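Okay, here's what each chain looks like letter by letter:
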Amino acid sequence: PPEYCDRYVRCFRWMPGTGVPDTGENWIEYAPGDSANAGLFSLEPGKLLWLKTRRNSLVTVDSGFSLSLKDTFSIVLPPKQWTDHGMPYRFDVRMEDVLGASGRGTDSVQFYKWDRDTATGIFVLDPFFVPGIPDKADRSQVLEHVYGGGYSFYNGSSKAATVRIPPVVALPERVPAKKNA
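Described in the following lines is the structure provided in the data block. (Residues numbered from 1 in each chain as written. Predicted model: local features only at pLDDT ≥ 70, side-chain atom pairs only at ≥ 80, totals over all residues. Heavy atoms only, no water.)

1. What about a nonpolar patch on the surface?
A contiguous nonpolar surface patch, about 390 Å² in accessible area, is contributed by L43, L51, V59 and V61. V59 sits in the exposed class, given a relative accessible area of 54%. (Patch = residues over 30% accessible without salt bridge, like charges linked within 9 Å, V, L, I, M, F, W, Y side chains within 5 Å. Areas by Shrake-Rupley, 256 points an atom, 1.4 Å probe, with all protein chains shown as cover. Salt bridge = Lys/Arg side-chain N within 4 Å of Asp/Glu carboxyl O. Buried < 20%, exposed > 50% of the residue type's maximum accessible area, 1.4 Å probe, protein only.)

Here is the structure:
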């Protein structure tokens, strides 16, 4: 199998609290053979890894596992920190279902979506669901499973919060059938 070569591809994770204090530098780069951070780069459902490549490349993996569809997927958010995350399922989930499964402990959690700017190719972080901002508090929105996309959650509370993503497929809104007169 090909080896990791940072000349052609580099892999990063955003890990708050791991960088140099007061610099905002919290990116960790994958380092082959570094057992101290090996677990940070294991491929797990929902874990968001950032790949930087010289050119578009297909990444293949040997094997994997899928999640049970009998229980919710939980993401523990540390207090006053950002957490990058991808969708753990290969289908979309309605925000209303996430909020219902998560409960009141997530009232201060803000949801942001990573979008790729089509003109520059740079990823930007856009508010997706932010309590207290009327045009960003639509519970009917859908967290999408999108190739090359992800989300960042900000927990503004002084306590850890747990976001739970239920395995409930977001079906398109149904339009009532017209009755014949």
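2. Quick look at the environment of Y89
Within the fold, Y89 resides in the loop between β5 (81-85) and β6 (93-94). Sequence separation of Y89 and V168 is 79 residues, and the distance between their C-alpha atoms is 9.6 Å. Of the polar contacts made by the side chain of Y89, one reaches the backbone oxygen of I165; its length is 3.3 Å. (Helix = DSSP H or I, 4+ residues; strand = E, 2+ residues; numbered from the N terminus. Polar contact = N/O pair within 3.5 Å; in protein donor to acceptor, adjacent residues only side chain to side chain.)

3. A look at the pattern of salt bridges
The final tally for this structure, using the stated rule, is three salt bridges. The salt bridge involving R10 is made with E29; its shortest N-O contact spans 2.7 Å. Taken together, the positions of R10 in strand β1 (residues 9-14) and E29 in strand β2 (residues 27-29) put the pair 19 residues apart, joining distant regions of the chain. Its relative accessible area of 32% is what places R10 among the partly exposed residues. A salt bridge links D107 to R104; the shortest N-O distance between them is 3.4 Å. Using a relative accessible area of 41% as the deciding quantity, one classes D107 as partly exposed. For R104, a relative accessible area of 69% corresponds to the exposed category.

Everything listed here is a matter of geometry and, on its own, says nothing about what the molecule does.
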